[in-house]
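Structural features, examined
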Amino acid sequence: MADGREEGRGAPPHTVTGALYQEHLALGASFGRAEDTGLAYPTSYAGGQPLGRALEGAAIADLTGATYRLVSGTRPQELCEAAFCARKLRVGQCAFEPALTGDGAITSVSLLARTGVHEYVLLDPTHRGPVVAGWLSFLSQARGDGGAPYEGTTIEEASGMLVPLLVMGARASELLADYLPHAARALPARGAVESVTLDGHIPAIVAGVPQDIAAGAASYVLLVPRAVARVVWRSLLSFAWVEPVGRTAVLGSWSGLPWAQALDSTDVVEIGEQDLRAWGLLRRGDDFVGARGIRGE
């Protein structure tokens, strides 16, 4: 596999299964196992269509097993703005954000969403997800002469919370709009995050993926309660033009992002300041970890 994890039909040994595992089994999925959590995730489905064909309608993917963290507490804003070097997110925004080490090397470029004043969600389906999660945890415990700047901030593995689904393709917006009340059918724009109520009774969070991963069509991350995840999954698949896709297809869509090839390496990754700025991944100033390193100082 592209991300170097185990793969096979049925859950690999010593695997934790998520809320939708039985649904994936029924669809003939092959599974991998996340190295950091042991969670099973579908890599592909028997008889599944090629990604390009699936995107002509809508493709849905269960992101269980991706690196998924909730950053919350008293100082998550200070931690996230120090750890990530692209946008300083306001509540209701999301962005692809690099996390730099002190010498300017890149741990990963993850999708970061600010879902509340004191709450951020990080998602990363790539093999670098555990690296950035570990780095973020390390930074959160930093201490200096002035004490612990991020004390009171917690980083939690979030797979036991809301279930993350990726919805992409030419008809992705049409698909999700069908679940919203007629008076509020507008979906978040790229880079925006909103709380919604599906079918008038299911609370959920929808994030507009900020970059193109689906041949020009809008893509969304949908976070739904575990208790209703199977109902939502089956309902989405009841549309004849909706296809389930596994992690292989998700990584295929992510591979079109301009920084993806560099991050595919298992070695230390360094991307120049000019490229990061051109891709919108580096803000002005030096108020983040690695600011001097990325400039070669």
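That block above? That's the structure.
Just so it is clear, the structure is predicted and the values come from calculations on it, not from any experiment. Within every chain, residues take consecutive numbers counted from 1 along the sequence as written. Whole-chain, interface and lining totals are the exception, using all residues; otherwise, since this is a predicted model, local features are given only for residues with pLDDT of at least 70 and side-chain atom pairs are given and counted only at 80 or more. Only hydrogens and water are set aside; all other atoms, that is, all heavy atoms of the structure, feed into the side-chain values.

Here we take up helix H3 (residues 76–83). Taken across its eight residues, H3 has six buried, putting it largely inside the fold. Relative accessibility thresholds used throughout: buried, under 20% of the residue-type maximum; exposed, over 50%; partly exposed, between the two (1.4 Å probe, protein chains only). Helix and strand labels come from DSSP, where a helix needs a run of H or I of at least four residues and a strand needs a run of E of at least two; each type is numbered from the N terminus. What H3 keeps buried is the set Pro76, Leu79, Cys80, Glu81, Ala82 and Ala83. Note on contacts: a residue pair qualifies if any of its non-hydrogen atoms lie within 4.5 Å across the two residues. At its buried positions, H3 is contacted by strand S5 (67–73), strand S6 (93–100), strand S7 (106–116), strand S8 (119–124), helix H4 (129–140) and strand S9 (153–157).

What follows covers the pattern of salt bridges. Definition used for salt bridges: Asp or Glu carboxyl oxygen within 4 Å of a side-chain nitrogen of Lys or Arg. Taken as a whole and assessed by the stated rule, the structure comprises eight salt bridges. Salt-bridge contacts for Glu174 lead to Arg171; the nearest nitrogen and oxygen are separated by 2.9 Å. For the salt bridge of Arg277 with Glu273, the shortest nitrogen-to-oxygen distance reads 2.9 Å. With Arg277 and Glu273 both in helix H9 (residues 273–278) and four residues apart, the pair spans about one turn of that helix. Of the residues examined, Arg277 reaches a relative accessible area of 25% and is grouped as partly exposed. Residues joined in a network through salt bridges with shared partners are Glu23, Arg230 and Arg234.

Mapping Gln93 onto the fold places it in strand S6. Judged by its relative accessible area of 9%, Gln93 is buried. Pairs of N or O atoms within 3.5 Å make up the polar contacts considered here, provided that, within protein, one atom can donate a hydrogen while the other can accept it, and that residues adjacent in sequence are counted only when both atoms are side-chain atoms. Within the structure, Gln93 has its side chain in polar contact with the backbone nitrogen of Arg90 (distance 2.8 Å). In this view, Gln93 contacts Arg87, Lys88, Leu112, Ala113, Arg114, Gly191, Ala192 and Val193; residues no more than four positions away in its chain are not counted.

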